[in-house]
Amino acid sequence: MFKATDLNVYFICGTQDIHQGSDIKNILKQALEAGITLFQFREKGPESLKGEAKEALARELLALCHEYNVPFLVNDDVELALKIDADGIHVGQDDEEVISFINDFKDKIIGLSVGNEKEYQDSDLTHVDYIGVGPMYSTLSKADASAPVGPEMISTLKHTNPSLPMVAIGGINEDNIEPIAQAGADGVSVISAIAHSHNIDKTVTKLQSYFK
């Protein structure tokens, strides 16, 4: 059963996000041991895995997450999420609409990206468990990222809908997380802050400390 605290330290990663020579399974294992609360498999980009290779890796990472009782979500690939029986899916504003796949995801976690007030107002949140709000800051992890909206967007949307779980995303690291927590976010979702960390345990512990 999904709860807002699952968003505390939300790690997003795919093979395109790790340094050459690193192993995504090893990085995820370290992150799980350090205490991440949710994982999203986001395999996107020209260098990313496709087809059977993508599915095989997804299954391995799913099994790893379940060893630590951490939910495993798939980014924007409904077919894959269903095929491997993932715990849920996260979609963006330009991805498949939730209403089109909700019948297959009734007991699953559904996340939706929301960048501003207009997107919030235009989104059907009937079946959405949480929204990912951002980008908070400028980010290099997403080539198509919009202009930063800052932590104040969390405050604005929380004021509009206090009961909807919200996770901040975009350019977040150990040094700029505090304003996000103060704005009322339920957690932070990060890619490079963990994937490129020299001490994953220390990084995750620091991020987690803002949501105790």
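The structure under discussion appears in the preceding block.
From a predicted model like this one, the values you see are computed outputs, not experimental measurements.

Caption draft 1: The pattern of salt bridges, seen in detail. In this structure the tally under the stated criterion is 10 salt bridges. Taking the shortest distance from any N to any O, the salt bridge between E33 and K29 comes out at 2.8 Å. In this pair, E33 and K29 are both assigned in helix α1 (residues 24-34), 4 residues apart and thus about one turn of the helix distant. Through salt bridges with shared partners, a single ionic network connects E55, R59 and K83.

Caption draft 2: Quick peek at the pairing of strand β4 (residues 88-91). The side-chain alternation of β4 yields two buried faces, one formed by G88 and H90 and the other by I89 and V91. Both strand β3 (residues 72-75) and β4 contribute to a ladder of 3 bridges, which runs parallel. Across the sheet, N75 pairs through a bridge with H90, a residue of β4. The parallel pair β3 and β4 is bridged by helix α3 (residues 78-83), and the resulting crossover is right-handed. When β4 meets strand β5 (residues 109-114), the two strands line up parallel, connected through 4 bridges. If you follow H90 over to β5, its bridge partner there is G111.

Caption draft 3: Spotlight on the packing of aromatic side chains. In total, this model carries 6 aromatic pairs according to the counting rule given. Measuring from centroid to centroid gives 5.8 Å for Y10 and Y130, while their planes differ by 75°, and the two rings are edge-to-face. With a gap of 120 residues between them, Y10 in strand β1 (residues 9-13) and Y130 in strand β6 (residues 130-133) connect regions that are remote in the sequence. Judged by its relative accessible area of 0%, Y130 falls in the buried class.

Caption draft 4: Structural context of the side chain of Q208. Positionally, Q208 belongs in helix α9 (residues 200-209). Aside from chain neighbours lying at most four places away, what touches Q208 is N8, V9, G35 and T37.

Caption draft 5: Region of the structure containing the pairing of strand β7 (residues 166-169). Relative to β7, β6 runs parallel, the two sharing 3 bridges. Pairing of G132 across the sheet is with V167, part of β7. Alignment of β7 against strand β8 (residues 187-190), held across 3 bridges, turns out to be parallel. Its bridge partner lying in β8, A168 is registered against V188.

Caption draft 6: Quick peek at the side chain of N8. Inspection of the secondary structure puts N8 in the segment before β1. Relative accessible area serves as the criterion here: at 9%, N8 is assigned to the buried category. Dropping the residues within four chain positions of it, N8 is found in contact with T37, D186, G187, V188, Q208 and F211.

Caption draft 7: The sheet that holds β8, seen in detail. Strand order in the closed barrel formed by 8 strands is β1-β2-β3-β4-β5-β6-β7-β8, and the pairing between neighbours is parallel. Strand-to-strand twist across the sheet, computed as the mean angle between neighbouring axes with direction ignored, equals 25°.

Caption draft 8: Representation of the nonpolar core within the structure. Core analysis: the largest hydrophobic core is formed by 63 residues, its most contacted members being F11, L28, I36, F39, F72, I131 and I194. What F72 contacts, discounting residues up to four positions off in sequence, is F39, F41, A58, L61, L62, C65, I84, A86, D87 and G88. By size, the runner-up hydrophobic cluster in this structure holds 10 residues, among which are F2, L7, L73 and Y130.

Caption draft 9: Quick look at α1. Looking at α1, one finds that the buried residues are I24, I27, L28, A31, L32 and A34. What you see down the axis of α1 is that its buried residues fit within an arc of 160°, all on one side. Looking at the buried side of α1, the elements it contacts are β1, β2 (38-41), α2 (51-67), α8 (192-195) and α9. Looking one or two residues beyond α1, the residue adopting positive phi is G35, at roughly 115°.

The rules behind these values
- Residues numbered from 1 in each chain as written.
- Predicted model: local features only at pLDDT ≥ 70, side-chain atom pairs only at ≥ 80, totals over all residues.
- Heavy atoms only, no water.
- Salt bridge = Lys/Arg side-chain N within 4 Å of Asp/Glu carboxyl O.
- Helix = DSSP H or I, 4+ residues; strand = E, 2+ residues; numbered from the N terminus.
- Buried < 20%, exposed > 50% of the residue type's maximum accessible area, 1.4 Å probe, protein only.
- Pairing = 2+ DSSP bridges.
- Right-handed = clockwise from strand over helix to strand, strands pointing away.
- Phe/Tyr/Trp six-rings, centres within 6.5 Å; stacked < 30°, edge-to-face > 60°.
- Contact = heavy atoms within 4.5 Å.
- Axes fitted to C-alpha atoms, helices over the stretch in contact; angles between N-to-C directions.
- Core = buried A, V, L, I, M, F, W, Y, C linked by side-chain atoms within 4.5 Å.
- Arc of directions from axis to C-beta.

All quantities given are derived from atomic positions and should not be read as evidence of function.
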